[in-house]
Amino acid sequence: MQFMLLFSRQGKLRLQKWYVPLSDKEKKKITRELVQTVLARKPKMCSFLEWRDLKIVYKRYASLYFCCAIEDQDNELITLEIIHRYVELLDKYFGSVCELDIIFNFEKAYFILDEFLLGGEVQETSKKNVLKAIEQADLLQEVSYLGS
Amino acid sequence: MGDKALDGYSKKKYVCKLLFIFLLGHDIDFGHMEAVNLLSSNRYTEKQIGYLFISVLVNSNSELIRLINNAIKNDLASRNPTFMGLALHCIANVGSREMAEAFAGEIPKILVAGDTMDSVKQSAALCLLRLYRTSPDLVPMGDWTSRVVHLLNDQHLGVVTAATSLITTLAQKNPEEFKTSVSLAVSRLSRIVTSASTDLQDYTYYFVPAPWLSVKLLRLLQCYPPPEDPAVRGRLTECLETILNKAQEPPKSKKVQHSNAKNAVLFEAISLIIHHDSEPNLLVRACNQLGQFLQHRETNLRYLALESMCTLASSEFSHEAVKTHIETVINALKTERDVSVRQRAVDLLYAMCDRSNAQQIVAEMLSYLETADYSIREEIVLKVAILAEKYAVDYTWYVDTILNLIRIAGDYVSEEVWYRVIQIVINRDDVQGYAAKTVFEALQAPACHENLVKVGGYILGEFGNLIAGDPRSSPLIQFNLLHSKFHLCSVPTRALLLSTYIKFVNLFPEVKATIQDVLRSDSQLKNADVELQQRAVEYLRLSTVASTDILATVLEEMPPFPERESSILAKLKKKKGPSTVTDLEESKRERSIDVNGGPEPVPASTSAASTPSPSADLLGLGAVPPAPTGPPPSSGGGLLVDVFSDSASAVAPLAPGSEDNFARFVCKNNGVLFENQLLQIGLKPNTKPVDPTVDGGAQVQQVVNIECVSDFTEAPVLNIQFRYGGTFQNVSVKLPITLNKFFQPTEMASQDFFQRWKQLSNPQQEVQNIFKAKHPMDTEITKAKIIGFGSALLEEVDPNPANFVGAGIIHTKTTQIGCLLRLEPNLQAQMYRLTLRTSKDTVSQRLYKHPLSEKLPLKAPPVLHLQPAPWVWREYRTQFEKGCSRPAPSKKESKKQRHVFIGLTQGCVAMLDGDSSGLEVCDLWFEQSPPLRLPACHGGFEDSGGTPIPLKLLQPHSVQPRQLVSEQPTPAVLTLVFHETLGLAVILGLHMRNNPCLGSLEDSGFHHRLGKIPDGSSSRPGLVPCPVFPASALGVLISGYDSQRLGGLQEVDGRRLCMTAVALFLCCLRMSLVQGLFEAMPMASKGIACYKC
């Protein structure tokens, strides 16, 4: 996977994760183009599209679009389920997640993503294990506050 | 923020706020330092936010990277798994080269250490993967690799998942090193697919066991060919069958996640099956499965099925199975609402097309084209054009298809497409009449696309005569039809139409007056566009002054185009870019050409045209007399003819220039046989064995013993293979072994000679040839030639002392062939008669075309091939300008008449400098970029490989320039020199050194005459009708220019004129036109003389 973007129906970027080195300018350009392309598509259209030399896999959850760019030989359907698994993780952690959760707890969204995907590859597919890692971290946080 | 009083908590808070601001879309250019400080905090939360900031905001070449690396190093060494995890995540997120330098050695150790926690192992594996992607050179392979492979056996599925990604990437680059992963991956996969859906607990996703891991394992296996070990292979086949079987089982859940995960594994399995391409059974099953998906209600599945089938179509095992779904795919094309799905359908139709269904597929694509999205029209047009060409059984269908394309989507028909239809029509005479009729009909539509006017104009200009018999398409009607479109067209199309008109003048004399009227009109003669104006002026002049014969030569039908890869295909490749999918598709297509067969190749014209035809041989340059009947085919007859004529077919596989040299050895036994920058091959009668290594500059000798088994025609070819500077070199040289090398001279008295002469009176035993001398008839030189040829020269045998007679015996292993020859010179007529009689008629027949007829006139060896060649103007120009910048010649020199000789040969341009007393080569340069096509020169002028000919092959001393026009050496004089050995190289000698006209080579518009495409691109074959001017026509043109009626051309003045002259002369390269050149001389010089430089 080359990158993952979360953006709202209004085209506001909520989360971005880049697994290839790109300049900020390029990132912005890609984001702009891609958000436009994806938002222009109708609901019943297929979730995959060719874009430049990448394959884009996207899915909409409520007001949020989750959009992944994968390489040619990567598997589209499993990427779709990566998105879904990530949504499930967020949902489980926040308890029926909504866009605002991600806006205001962006760091958690990133931490969860880092536990699940690393360097663009799936690191841990078990929901339990991912959440356990996050909860442990949260616990450390509590401890350190108690300690201070 | 720089305040030291800020405690850790506040730092964290503010860094976090900065991050938030950044994520809202604002630029943040401070706070980095504080974030780096946070990294070394002992508090987990502070550290965590610090790392997050770095991951999100620090790009890989930040100067802070050293500080960050330090913090990471500490955390990695902390043995605290949480901290290690954070550090590894950070490395994986930033992934810069500096980080790779710092940690690429460390991470493998963490990865394979026994006491590393599973979660750290997972991070370490993917972290290493990221570093390997950024800087593969910095990740050292070592004994850790085998231990990584064994992670595939790990109990923790998370570890296996992460490790599989790493191994896949590493295995792609180092397949040998990770070979053992195949069997491990197969057994792991087998355990997963056979497990019950609850076995894997949390790794089961919607009743699908470990779908991510399965997909990754299947990906890993695609790095390798099918396993060799039959047990592993069997197990893998079982797995794949199980996966295919599961697809048929009823779903365990109605959730889309279940079907997605299941099908993700299925598609990956199908990819592997296609990759292996070895199990017909699995391939057909895969195809059937995809066939089901083609009609699935999920758009995603239909999309993926179309995509996968595209690659499946390339397998010979499943190509037929894919074809059975044609109706479904066509239906998808018509009914899919999503353009990206329709696009896939187009791709698949293209991939599954072969001769059996081409007509149907092309028809469907054409009808889809009418409503297709604009974004993909051009691609569809290209695909239709390619399919129509490739699978045309009947070229009328092809012509119809392309015309339909132009009608439906004219704007999207690129130049390549309409160039191609013209190339094909010109090369296939069975379709020319049909094409003319069809374009004529198509042009009658009230509104037709400009591309149609181009195609129509071109085809009617070439083949309008084929339909002129029908009163409905009489010449005048054809002309009026075309001309009715003229004013609606762009300048390039109009220029093309003007060329069509002049072609009509030749084809249909009855419309000449009408056309002249059109050309004469002010809108043409004084057109603001220089190109149109120039064409109008020249064509008008040409049509007025030139005789019918000249017109017929000049405006002759275009010669066939050499076959080449379709330019459309190249365009499609370019358009699609280098993605893997297309590569697959391309390779598929190439393969399918083999499977299905392309159109029969149109015979290339080059070989036929380069051998001068007897009628063209006006000056006797080729000097190979035609055979009355074919030579006996006994031993492949014709070799010597091949050798001594300039046949390109014999030259092709051999080193350039060797053929020229070859001819010299007919009467000689030593000399340089071949020479290039690396190697010189000489020839001596007796030599010794060779050392395997040859030092630079050293000379070695290799003995070759040759025995003549029977009379032969093929000269043996010497293949020399050697390494030079690491690269492999291959040189093939024809050994100059001809039949006459086995001559034994035989002395005999007059009486014996004539007695034998009479014995050999059987007509088959005698050959005779009468030919013109091309060099001074010097007795001594002629004698030397005859002796060199191998026979004895018999003095005082012939009653006429001027005649030469010779006798010899050709020794072969089986027989001895007596051979007598008699050469009778006629000094008044400058002719020779050569008679040969031998005891074996095959030999006679061979000697009928004997090299002697070449040799006796003492013709200098051909310096360069006479075959005209491509020509690069830019190169030519720069070189000329270089020439111009040379220091001015000294006074003594300047007295001499300077000449510049431009020889066009195979990929080579020679510029010779000298005067009537001798010549030297001053420049030689070679064609490199795609050249122009000089239309006049049948067969020669396409982009050949552009093989350089070494300078030394030129033999300046042997060049005997004949100056045809010598006139007072004023700077404005155009001197024309006919160069005998360069043959048809027309030489433009002029005082170029200070000539301002050099500056305007490009702008003078002669590109058109040289076949350049009007849009200025130079890489395409000239399809614009290029009038060909023999020199006489040039004279006509030049003399035409001095009138006052040149309108706008006056301001361009003589520069244009002069360059046109250059251009035109370069067009005069055909042998048959050389005579015209002579006629043109006085006029040409007159014409140019009136131009004051």
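Criteria and cut-off values
- Residues numbered from 1 in each chain as written.
- Chains lettered and ligands numbered in written order.
- Predicted model: local features only at pLDDT ≥ 70, side-chain atom pairs only at ≥ 80, totals over all residues.
- Heavy atoms only, no water.
- UniProt positions renumbered as here; feature names shortened; annotations may be inferred.
- Helix = DSSP H or I, 4+ residues; strand = E, 2+ residues; numbered from the N terminus.
- Buried < 20%, exposed > 50% of the residue type's maximum accessible area, 1.4 Å probe, protein only.
- pLDDT = per-residue confidence, 0-100.
- Contact = heavy atoms within 4.5 Å.
- 1 Å grid on protein atoms, 1.4 Å probe; cavity = no way out; pocket = protein on both sides within 12 Å on 5 of 7 lines; lining within 4 Å.
- Points joined across faces, edges and corners; volume = space filled by probe spheres on them.
- Nonpolar A, V, L, I, M, F, W, Y, C, P; charged D, E, K, R; others polar.
- Expected span 1.5 Å × (residues − 1).
- Axes fitted to C-alpha atoms, helices over the stretch in contact; angles between N-to-C directions.
- Parallel < 35°, antiparallel > 145°, perpendicular 65-115°, else oblique.
- Left-handed = near helix turned anticlockwise from the far one by under 90°.
- Pairing = 2+ DSSP bridges.
- Salt bridge = Lys/Arg side-chain N within 4 Å of Asp/Glu carboxyl O.

According to UniProt, the comment filed for chain B under the heading Subcellular location (unreviewed entry) is "Membrane, Coated pit". Under the Sequence similarities (unreviewed entry) heading, UniProt states for chain B: "Belongs to the adaptor complexes large subunit family."

By the naming in an unreviewed UniProt entry, chain A is AP complex subunit sigma, taken from Neotoma lepida. For chain A, the Subunit (unreviewed entry) comment in UniProt is given as "Adaptor protein complex 1 (AP-1) is a heterotetramer composed of two large adaptins (gamma-type subunit AP1G1 and beta-type subunit AP1B1), a medium adaptin (mu-type subunit AP1M1 or AP1M2) and a small adaptin (sigma-type subunit AP1S1 or AP1S2 or AP1S3). Binds to MUC1." UniProt, in the comment section headed Function (unreviewed entry), describes chain A in these words: "Subunit of clathrin-associated adaptor protein complex 1 that plays a role in protein sorting in the late-Golgi/trans-Golgi network (TGN) and/or endosomes. The AP complexes mediate both the recruitment of clathrin to membranes and the recognition of sorting signals within the cytosolic tails of transmembrane cargo molecules."

## Describing the overall build of chain B
Secondary structure summary: chain B contains 46 helices and 18 strands in total. The 1093 residues of chain B split such that 58% are buried.

## Some details on the confidence of the model for chain B
All names here are of chain B. With 63% of its residues at a pLDDT of at least 70, chain B reaches an overall mean of 68. Helix α12 (residues 211–221) holds the highest mean pLDDT among the elements of chain B, 94, whereas strand β17 (residues 974–979) holds the lowest, 27. Note on residues 577–660: pLDDT under 50 across the span, and 158 contacts to partners over four residues away in sequence or across chains. In the predicted assembly, ipTM is 0.95 and pTM is 0.58.

## Some points on the layout of surface pockets
Of the voids in this model, the second largest pocket is the one considered here, and its volume is about 930 Å³. Around the second largest pocket, the lining is made up of 35 residues, and of these Gln16, Trp18, Asp24 and Lys27 of chain A together with Phe22 of chain B lie nearest the centre. Counting only elements with at least two residues in the lining of the second largest pocket, the list comes to β2 (13–18) and α1 (24–39) of chain A together with α1 (8–23), α3 (44–57) and α5 (81–94) of chain B. The biggest single contributor to the lining of the second largest pocket is α1 of chain A, with 6 residues. Of the residues belonging to the lining of the second largest pocket, the class tally is 15 nonpolar, 11 polar and 9 charged.

## A few points about helix α27 (residues 491–507) of chain B
Taking 1.5 Å per residue as the helical rise, α27 of chain B with its 17 residues ought to reach 24 Å, and the 24 Å between its terminal C-alpha atoms agrees with that figure. Taken across its 17 residues, α27 of chain B has 13 buried, putting it largely inside the fold.

## Digging into the packing of helix α19 (residues 339–352) of chain B against helix α20 (residues 358–369) of chain B
All names here are of chain B. Two elements in contact, α19 and α20, have axes whose closest approach is 10 Å; the angle formed by their N-to-C orientations is 155 degrees. Compared by their axis directions, α19 and α20 come out roughly antiparallel. Judged by the sense of rotation from one axis to the other, the crossing of α19 with α20 is left-handed. Contact with α19, carried on its side by Arg342, Val346, Leu349 and Met352, involves Ile361, Met365 and Tyr368 of α20 and no other residues of that element. A class-by-class count of the residues in the contact of α19 with α20 yields 6 nonpolar, no polar and 1 charged.

## Focus: empty space enclosed by the protein
All names here are of chain B. A full pass over the atoms with the stated rule returns 14 cavities of 30 Å³ or more. Roughly 80 Å³ of internal volume is contained in the second largest cavity. Taken together, Pro226, Pro227, Arg233, Leu236, Thr237, Leu240, Leu272, Ile273, His276, Ser278, Glu279 and Leu282 make up the lining of the second largest cavity. Where the lining of the second largest cavity is concerned, the elements lending two or more residues are α13 (230–248) and α14 (256–276). Top element by residues in the lining of the second largest cavity is α13. It accounts for 4 residues. Grouping the amino acids of the lining of the second largest cavity by side-chain chemistry returns 7 nonpolar, 3 polar and 2 charged.

## Quick notes on the sheet that holds strand β5 (residues 64–70) of chain A
Residue and element names in this part refer to chain A. Taken in spatial order, the 5 strands of this open sheet run β2-β1-β5-β4-β3, and their pairing is antiparallel. For this open sheet the edge positions go to β2 and β3 (48–51), each flanked by a neighbour on one side alone. Ignoring strand direction, the axes of neighbouring strands in this sheet form an average angle of 20 degrees. Where β3 meets strand β4 (residues 54–61), 4 bridges bridge the pair, whose relative direction is antiparallel. Bridging from a neighbouring strand, tryptophan 51 pairs with leucine 54 of β4.

## Things to note about the pattern of salt bridges
Using the criterion set out here, one finds 36 salt bridges over all chains in the structure. The network of salt bridges with common partners includes Glu50 of chain A together with Arg344, Asp347, Glu379 and Lys383 of chain B.

## Things to note about the pairing of β5 of chain A
All names here are of chain A. Taken across its 7 residues, β5 has 7 buried, putting it largely inside the fold. Residues Leu64, Phe66, Cys68 and Ile70 line one face of β5 and the alternating positions Tyr65, Cys67 and Ala69 line the opposite face, and both faces are buried. Pairing analysis gives 6 bridges linking strand β1 (residues 3–8) to β5, with the strands arranged antiparallel. Bridging across to β5, leucine 6 finds its partner in phenylalanine 66. Looking at chain direction, β4 and β5 are connected through 7 bridges and run antiparallel. Looking at the pairing, arginine 60 lines up with tyrosine 65 of β5. Turn length for the β4-β5 hairpin, with the two strands adjacent in sequence and antiparallel, is 2 residues, and the turn residue alanine 62 shows positive phi of about 50 degrees.

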